[in-house]
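Each chain, written out:
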Amino acid sequence: MKGVRIGIAGLGTVGTGVWNILHRNTDLIQARLGFPVEITAVALRRPRPDLDLSKVKVHSDVMQLACDENIDIFVELIGGYKDAAAAIRAAIAAGKHVVTANKALLAEQGESLLKEADEKGCLIAFEAAVAGGIPVIKALREGLCANSVSSVAGIINGTANYILSAMSESQQSFEVALLDAQKLGYAEADPTFDIQSIDAAHKITILAALAFGIPLNFNAVKTQGITHITPLDLVNAEHLGYRIKQLALARRDANGKVDIRVHPAMIPKTAMLASVHGAMNAVMIIGDAVGPTLFYGAGAGSEPTGSAVIADIMEIARHTHHESSNAAVHPLAFSVERIPAQYLTADDRQQSAYLRFTVADSTGVLAFIAQQLSQQGVGIERLVQTPIEMEENSNGPQFMSIVVITHPAPEKALHAALTALELSSAVKAPIQVIPIEARVC
């Protein structure tokens, strides 16, 4: 029985998961497809004596694998930009379909890669690029394809979620929680992409393109890292009825304008996303017909991510194996021709916020803060004075911490008010600002 031949570039964490699942579940996969899927070649940077590679062709150069005439599907799992992009382009030029888990490459170069693939009649599939083993891309492409999606919100970086969960549960500092995450293998030696929200921004770029039928545009994502979050903010959030999460959000308003961002946000403790702890991931999609739907599971790991890779392999295999089918399978299935997006600006965006001020313990400070906010049209919903958080200096002023919860206001107006307050001698800069997302279900 003629099967589908695949070549795997990279047998690291995810590649090993793909290898193990394909070999362990060979019979199950063949039964579900009606024909076999076989690994015929791999590309390795270093030897793998723990794997039996005797029945596959081993390339030392990923470009050789991309052009290997004995593979039908090229599986790119090496990561990075330059080498991965060159290999994918070579595979497309050779008429190979592509499966990749490379969210950074897709978010930043995906439009050109998809165009090249379309011109050659090839497919690029990327289920594993977002949320590991959670089939959220297939849900958007297939299960929810009859819905007009208004928002996609998610906790899609396990490292950041683990750090914030540890800080909240154990009153750890950011630095201690990060070190703990690195010891457990959740965080890389260089955690920049995770803690500065870049990894999650790559992922929400892909989800927004699928949800709204717009081009992949990483540069449109507004990002802020989590390094400024303190245990005090997490305690305050709990007392106020919120939890702080690194939230990735893509939202489309009634006028069709799109807002895409990733930053720490306060979400109500009653929201389903607030209950996602540790290194787990979750994505909530709101459609006009189905309402809110939540997808939860492991967002990383060898076999969870490998499972998503194999789902793409099987989808492409099923499509290409039946030559009588003339139906095209588009990786961005909502819109074959994607429409350029109009994005919200600081004038358009309405936002409630948690503001924490460190101020001199003197008469009139509260009134001064309220006045500055009011002058910019920013209303106060709640105001709480918390205990002194800085060491008292007998030779200097005492300080107190004031927390303000604002009513929704234009982002530009809030920024203007805070700029004026930070210039005041009554307020010790910087002011802590954390957006509140009360509309996240």
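Residues numbered from 1 in each chain as written. Predicted model: local features only at pLDDT ≥ 70, side-chain atom pairs only at ≥ 80, totals over all residues. Heavy atoms only, no water.

## Describing unusual backbone geometry
For Ala 131, which is not glycine, the phi dihedral falls at a positive 65°. In this structure Ala 131 comes out as buried when scored by relative accessible area, which is 1%. Residue Gln 171 is not a glycine yet carries a positive backbone phi of 60°. (Buried < 20%, exposed > 50% of the residue type's maximum accessible area, 1.4 Å probe, protein only.)

## As for the nonpolar core
Ranked by size, the top nonpolar core spans 60 residues in total, and within it Phe 74, Ile 124, Val 136, Ile 204, Ile 206, Leu 207 and Ile 285 carry the most contacts. At 10 residues, the largest contribution of residues to this core is made by helix H10 (residues 198-212). Apart from residues no more than four positions distant in its own chain, Val 136 is found in contact with Glu 127, Val 130, Ala 131, Leu 207, Val 283 and Ile 285. Within the second largest apolar cluster, 33 residues are counted, among which are Leu 11, Leu 22, Leu 33 and Val 309. (Core = buried A, V, L, I, M, F, W, Y, C linked by side-chain atoms within 4.5 Å. Helix = DSSP H or I, 4+ residues; strand = E, 2+ residues; numbered from the N terminus. Contact = heavy atoms within 4.5 Å.)

## Details of the pairing of strand E7 (residues 149-155)
Across the 7 residues of E7, 6 count as buried, placing the element largely inside the fold. As judged from the 6 bridges shared by E7 and strand E11 (residues 280-287), these two strands associate in the antiparallel manner. What sits directly across from Ala 153, in E11, is Met 284. Note: E7 against strand E9 (residues 242-252), 4 bridges, orientation antiparallel. Along E9, the bridge assignment pairs Ala 153 with Leu 249. (Pairing = 2+ DSSP bridges.)

## What about the environment of Glu 175?
Take Glu 175: it is sitting in helix H8 (residues 174-183). Taking relative accessible area as the criterion, Glu 175 reaches 55% and is therefore assigned exposed. In this structure the C-alpha to C-alpha distance between Glu 175 and Thr 227, which are 52 residues apart in sequence, comes to 8.5 Å.

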